[in-house]
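Examination of the molecular architecture
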Amino acid sequence: MTLHVYCIRAAGEPPPGAEVRGIGGAGVEAVDAGPLCAWVSRLQSPPAPEADRLREHDAVVRAALRTATPLPMRFGPGFAGEDALRAALTERADELLASLERVRGRVEMGVRVCWQAGAARARVPAERPELRPAEEKPATGRAYLEARRREFALETAIREEAEALAE
């Protein structure tokens, strides 16, 4: 068994409600450690960092945010049991309490950019005619190589556009 930790809160803040579900639908409970409390799920093994698991982890942190400002934990291997978790929280109590105070009343915001390569693959050739793919099957070796060059240039242009957007 492993304890998957979603977030840290101050002791005494409301615990997770019965409706809060975590990784794979597991229940979420509070484990107290002195002035701190961790929201955790008891799992058979550490969860794989797959998109659905990451969304479930995030949903628990968001549920915690409804009643107090939590300190989100990284998605990771978790702890072997409550004793190991309590020891880690006790060891870092001053640091974690200072972090909780620093984020109290604040919310982290993020921006997600979704790249749609298919849309770019249609738009870029319209904007740059020299990158348009051949309309018919190349009849000669030279025509084939020219078509391949355009395909490669198109992919390069799309990749460069994506990289520029990411920057």
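Residues numbered from 1 in each chain as written. Predicted model: local features only at pLDDT ≥ 70, side-chain atom pairs only at ≥ 80, totals over all residues. Heavy atoms only, no water.

**A few points about the pattern of salt bridges**
Here is the rule: Any Lys or Arg side-chain nitrogen found within 4 Å of a carboxyl oxygen on Asp or Glu counts as a salt bridge. Per-residue accessibility, obtained with a 1.4 Å probe over protein chains only, is compared with the maximum for each type, and a residue is labelled buried under 20%, exposed over 50%, and partly exposed between these values. Under the DSSP-based scheme used, a helix requires at least four consecutive residues in state H or I and a strand at least two consecutive residues in state E, with every element numbered from the N terminus.
Here the structure, examined in full by the defined rule, presents 16 salt bridges. Arg-104 is the salt-bridge partner of Glu-101, the closest N and O atoms lying 3.2 Å from each other. When its relative accessible area of 41% is taken as the criterion, Arg-104 is described as partly exposed. Across the salt bridge formed by Glu-127 and Arg-123, the nearest N and O atoms sit 3.4 Å from each other. In this pair, Glu-127 and Arg-123 are both assigned in helix α4 (residues 117–127), 4 residues apart and thus about one turn of the helix distant. Its relative accessible area of 52% is what places Glu-127 among the exposed residues.

**Quick look at the nonpolar core**
Operational definition: Put simply, a nonpolar core is a bunch of buried Ala, Val, Leu, Ile, Met, Phe, Trp, Tyr and Cys residues held in one set by side-chain atoms that sit within 4.5 Å of each other. Any two residues whose heavy atoms approach within 4.5 Å at even a single point are treated as in contact.
Of all hydrophobic cores here, the largest spans 15 residues; its most connected members are Ile-8, Leu-36, Ala-38, Val-40, Leu-85 and Leu-89. Looking at this core, the elements with two or more residues in it are β1 (2–10), β2 (29–33), β3 (36–43), α2 (82–91) and α3 (93–103). Residue contributions to this core peak at 4 residues, all from α3. What Leu-89 contacts, discounting residues up to four positions off in sequence, is Ile-8, Ala-33, Leu-36, Ala-38 and Leu-96. In terms of nonpolar packing, the next biggest core, distinct from the first, is built from 13 residues, Cys-7, Ile-23, Val-61 and Ala-63 among them.

**What to know about the layout of surface pockets**
The gaps left among the atoms become clear once a water-sized probe is rolled over them. Heads up, the rule is: The definitions used throughout rest on a 1 Å grid laid over the protein atoms alone, on which a cavity is an enclosed set of points accommodating a 1.4 Å probe that cannot get out and a pocket is an open set flanked by protein within 12 Å on both sides along at least five of seven lines; lining residues are those having an atom within 4 Å of a point. Grid points are joined across faces, edges and corners, and a volume is the space filled by probe spheres set on the points. By the convention adopted, Pro, Cys, Tyr, Trp, Phe, Met, Ile, Leu, Val and Ala count as nonpolar, Lys, Arg, Asp and Glu as charged, and the other residues, Gly among them, as polar.
Counted as a void, the second largest pocket has a volume near 230 Å³. Of all elements in the fold, only β1 and α2 reach the threshold of two or more residues within the lining of the second largest pocket. Class assignment of the residues belonging to the lining of the second largest pocket gives a composition of 9 nonpolar, 3 polar and 2 charged.

**Topic: the environment of Gly-17**
Positionally, Gly-17 belongs in the loop between β1 and β2. Here Gly-17 falls in the partly exposed class, since its relative accessible area comes to 25%. C-alpha separation for the pair Gly-17 and Ala-30, spaced 13 residues apart in sequence, amounts to 10.0 Å.

**Thoughts on the side chain of Arg-9**
Rules: Any pair of nitrogen or oxygen atoms within 3.5 Å is treated as a polar contact; in protein, a donor-acceptor pairing is required on top of that, and neighbouring residues in sequence qualify only through side-chain atoms on both sides.
You can see Arg-9 is positioned in strand β1. Using a relative accessible area of 0% as the deciding quantity, one classes Arg-9 as buried. For Arg-9, the side chain forms a polar contact with the main-chain oxygen of Ala-64, separated by 2.5 Å. The contact partners of Arg-9, leaving out residues within four places of it in the chain, are Pro-14, Pro-35, Leu-36, Cys-37, Trp-39, Ala-64, Thr-67, Ala-68, Pro-70 and Leu-100.

**Comments concerning the environment of Leu-89**
Mapping Leu-89 onto the fold places it in helix α2. Judged by relative accessible area, Leu-89 falls into the buried class, the value being 5%. Residues Leu-89 and Pro-49, 40 residues apart in the sequence, show an inter-C-alpha distance of 23 Å.

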